[in-house]
Amino acid sequence: MDSKLTLHPIHKKVAYLEYKKQQQPVFHYPTGLYVENLCSCYEQLDRMFSYHRKVTVVMIQFHQYQYSHDNKQLSTLMSRLISKLKSHYQSKRIGYFWAREEGSNGKLHYHAAIMLNGSVCKSPFFIHQHAKAIWETLFPQNYVWLPKRSTFLLSRNELVSCELRKARMRLSYFAKKETKESVPFGTKKFGCSQIKVR
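As the structure is a prediction and not an experimental result, all values here were calculated from the model.

Asker: Where do I start with the sheet that holds strand β1 (residues 5-7) in this structure?
Answerer: Sheet strands pair via backbone hydrogen bonds, and the direction of the pair is either parallel or antiparallel. The strand order β1-β2-β3 describes an open sheet built from three strands, whose pairing is antiparallel. The strands lining the two open edges of the sheet, one partner per strand, are β1 and β3 (22-27). Ignoring strand direction, the axes of neighbouring strands in this sheet form an average angle of 35 degrees. Direction of pairing for β1 relative to strand β2 (residues 14-19): antiparallel, over a ladder of three bridges. Paired with T6 across the bridge in β2 is Y16. Running over the sheet, helix α1 (residues 35-49) touches β1, β2 and β3 and is turned about 60 degrees from β2. Across the face of the sheet, helix α4 (residues 162-172) comes into contact with β2 and β3 while running at roughly 45 degrees to β3.

Set out below in structure tokens:
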């Protein structure tokens, strides 16, 4: 197990990740987590807070009908969606983090988190609507699934709040090594925005 992780004394499926001198609860899996990638995700969320008093995090699953050894469809989706969101919300920056997963049945899907200025984005409706439209345009049998508890409205004044810890824990699911072991060599398992701290 990664040296930054400590198992919960009671709950076997929970561990604590040392992140910026805090013990952040994360999901625990026997195969482990990609801790470095998860911390990159957390860092992008922190950097969004350096610009915005509030940040909205929206999580979406993208299921790809046709298997591919690359992430071209997902890259096209993210490029178009980010452009659409920047225009709609008049925002200069939008954070994101995505993870590729492959099931034992060979099916390919992605988990994605979009991070926006929470003062202008207070609902996931527009994001869901356009993410679905763009994804299905790329291939008609592609589909979007919206998991329960997939939107978090966070505040800079509550950076050690229960809600932020819940959002980070939910994001830790993206970083599990399980279902990524069959990703072809040389294919990116993760993608992350490159927002600079203010």
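Asker: What should I look at first to understand the packing of aromatic side chains in this one?
Answerer: When we look at a pair of aromatic rings, we describe it by the centre distance and by the angle of the planes. Throughout the structure, instances matching the rule amount to nine aromatic pairs. With a centroid separation of 5.4 Å and an interplanar angle of 65 degrees, the aromatic rings of F62 and W135 are classed as edge-to-face. Linking F62 in strand β4 (residues 54-64) with W135 in helix α3 (residues 125-138), this pair joins segments that are 73 residues apart in sequence. Pair check on accessibility: F62 and W135 agree, each one buried. On the numbers, 5.7 Å between centres and 15 degrees between planes, the contact of Y65 with F139 is stacked.

Conventions and cut-offs
- Residues numbered from 1 in each chain as written.
- Predicted model: local features only at pLDDT ≥ 70, side-chain atom pairs only at ≥ 80, totals over all residues.
- Heavy atoms only, no water.
- Pairing = 2+ DSSP bridges.
- Helix = DSSP H or I, 4+ residues; strand = E, 2+ residues; numbered from the N terminus.
- Axes fitted to C-alpha atoms, helices over the stretch in contact; angles between N-to-C directions.
- Contact = heavy atoms within 4.5 Å.
- Phe/Tyr/Trp six-rings, centres within 6.5 Å; stacked < 30°, edge-to-face > 60°.
- Buried < 20%, exposed > 50% of the residue type's maximum accessible area, 1.4 Å probe, protein only.

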